[in-house]
Amino acid sequence: MISDYSQTLIVQEVSPRDGLQIEPTWVETADKIALINQLSLAGFSRIEAGSFVSPSAIPALRDGEQVFTGIQRQAGVIYVALIPNLKGAQRALEAGVDELNLVMSASQTHNLANMRMRCEASLAAFGDIVAFTIGSDVQLNGSIATTFGCPFEGRIDEDRVLQIVEAYQELGIRGITLADTTGMANPRQVERLVRRVLQRVSPMDLTLHFHNTRGLGLCNVLAAYEAGARRFDAALGGLGGCPFAPGASGNICTEDLVNLCDEVGIYTGIDLPLLLKLSRGLPDLLGHEVPGQLAKAGRNCDLHPIPT
Ligand code: COA
Ligand code: ZN
């Protein structure tokens, strides 16, 4: 393992939100809180711990208030919640959320399926949220779902994504996430778009959100990193997916990403043995195997006995 960490990558853990939102089996509030409390000890500076959306849209996360008020917050960790509208923002602020992640899709069709409104209505709601949060300490991030491709419309025009970035900035939303909702991105496309977006957004305000639906997740991370991106979403065990995007499957897997970084000498500050322990507990919690690979294979340094 290379130990010269000349460069850094920030991982935002999203399993409590993106990971659990698609799980068919109810995860008890106490189990969600226990998972987030453990993740809070693993060295993450940011954890997306839930969402405040319609409980009929995402029943799995209908206990957002109890989760956010029940967790043991660690100093230095920013606890984020996904928000679709003003009602979500009101609930989140009351629950003490540190950052609101406002989500709209680049494609009208996916925004209609996911948020049941056109993009114009989402942007208007975000304007209301910005006005509502003035005077509070809460931070704002704007995610652009289907940035790299939409399951209904195919490839998304890069200029469209740039326009949304500018619209978010004009509203006063500082953080920007480019989300590959159904894993349609490829490394060349990622590199090109990240370079363009970084002309308008600082690397510390830009997050890349990849799903591994077509096996290109970590390739896309490296391409984005080479293009200057430094913040990435990932989910323990490779859980995750949007229930309103056909064919959606898991996020890039946090422990696989941290292992990649450790192996090539990029510093993350994440406790990989702890992540592996948590990941290996997921099948019991969820009742099924999870896609992550490192938890099954072990690390390169986990050597086997030589056959006699
Ligand atoms: N939190 C809780 N309840 C909410 C809510 C929120 N943020 N927003 C709306 N609701 C409630 C309304 O009060 C209303 O309740 P009622 O039927 O008891 O009166 C009901 O939901 C419908 O409200 P409406 O404004 O008509 O919403 P909608 O049915 O058009 O749905 C969204 C719009 C945005 C609320 C819904 O599509 C949604 O929550 N989407 C999020 C999907 C998601 O999280 N996807 C994965 C992440 S990318
Ligand atoms: Zn996602």
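Residues numbered from 1 in each chain as written. Chains lettered and ligands numbered in written order. Predicted model: local features only at pLDDT ≥ 70, side-chain atom pairs only at ≥ 80, totals over all residues. Heavy atoms only, no water.

Novice: In this structure, what is going on with the coordination of the zinc ion (ligand 2)? I would like to understand it.
Specialist: Put simply, the ideal angle at a metal is 109.5 degrees for four donors in tetrahedral geometry and 90 or 180 degrees for six donors in octahedral geometry. Those donors, Asp18 (OD), His209 (NE2) and His211 (NE2), are the protein atoms that reach the zinc ion (ligand 2), and they lie 2.0 to 2.1 Å from it. Along the chain, the residues that donate to the zinc ion (ligand 2) are spaced as D-x190-H-x1-H. Of this pair, Asp18 sits in helix α1 (residues 15-21) while His209 is found in strand β8 (residues 206-210), placing the two residues 191 residues apart along the sequence. By the burial criterion, Asp18 is buried, and His209 matches it. (Donors = N, O, S within 2.8 Å, 3.2 Å for Na, K, Ca; no water. Helix = DSSP H or I, 4+ residues; strand = E, 2+ residues; numbered from the N terminus. Buried < 20%, exposed > 50% of the residue type's maximum accessible area, 1.4 Å probe, protein only.)

Novice: What is the right way to look at empty space enclosed by the protein in this model?
Specialist: Picture a little ball the size of a water molecule; that probe, rolled over the atoms, points out where space is still empty. Evaluated as defined, the whole model comprises two cavities of 30 Å³ or more. In this structure, the largest cavity spans a volume of roughly 50 Å³. Those elements that provide at least two residues to the lining of the largest cavity are α1, α2 (29-39), β3 (46-51) and α3 (64-70). Top contributing element to the lining of the largest cavity by residue count: β3, with three residues. Classifying every residue of the lining of the largest cavity by side-chain character gives six nonpolar, three polar and two charged. Approximately 40 Å³ is the volume attributed to the second largest cavity. In this structure, the second largest cavity is lined by Gln12, Arg46, Glu99, Asn101, Asn141, Ser143, Thr177, Thr207, Arg231 and Asp233. Counting only elements with at least two residues in the lining of the second largest cavity, the list comes to β5 (99-105), β6 (139-145) and β9 (231-234). (1 Å grid on protein atoms, 1.4 Å probe; cavity = no way out; pocket = protein on both sides within 12 Å on 5 of 7 lines; lining within 4 Å. Points joined across faces, edges and corners; volume = space filled by probe spheres on them. Nonpolar A, V, L, I, M, F, W, Y, C, P; charged D, E, K, R; others polar.)

Novice: Just checking my understanding: could you explain the packing of helix α10 (residues 254-264) against helix α11 (residues 272-286) for this structure?
Specialist: Working note: a packed helix pair is described by the angle between its axes plus the distance between those axes. Relative orientation of the contacting elements α10 and α11 amounts to 155°, with a least axis distance of 10 Å. Put simply, α10 runs roughly antiparallel to α11. In this structure, the crossing between α10 and α11 has a hand that is left-handed. Contact residues: α10 offers Thr254, Glu255, Val258, Asn259 and Asp262, while α11 offers Leu272, Leu275, Leu276 and Ser279. Grouping the constituent residues of the contact of α10 with α11 by class yields four nonpolar, three polar and two charged. (Axes fitted to C-alpha atoms, helices over the stretch in contact; angles between N-to-C directions. Parallel < 35°, antiparallel > 145°, perpendicular 65-115°, else oblique. Left-handed = near helix turned anticlockwise from the far one by under 90°. Contact = heavy atoms within 4.5 Å.)

Novice: Looking at this structure, I do not really get the site of ligand 1. What am I missing?
Specialist: Every one of the 19 residues lining ligand 1 counts as a neighbour, but Ser54, Asn85, Lys87, Arg91 and Asn114 are closest to it. Phe52 places a main-chain nitrogen or oxygen 3.0 Å from a nitrogen atom of ligand 1. For ligand 1, the accessible surface in isolation is 930 Å², of which the surrounding protein chains cover 66%. Of the pockets mapped on this structure, ligand 1 occupies the largest pocket. Looking at the shell around ligand 1, the elements that each hand over two or more residues are α1, α4 (86-94) and α5 (108-115). Considering every element that reaches the shell around ligand 1, the biggest residue donor is α4, with three residues. Partitioned by chemical class, the residues of the shell around ligand 1 number ten nonpolar, five polar and four charged. (Near = heavy atom within 4 Å. Polar contact = N/O pair within 3.5 Å; in protein donor to acceptor, adjacent residues only side chain to side chain. Areas by Shrake-Rupley, 256 points an atom, 1.4 Å probe, with all protein chains shown as cover. Sits in = over half its atoms within 2 Å of the grid points.)

Read these as geometric descriptors, not functional statements.
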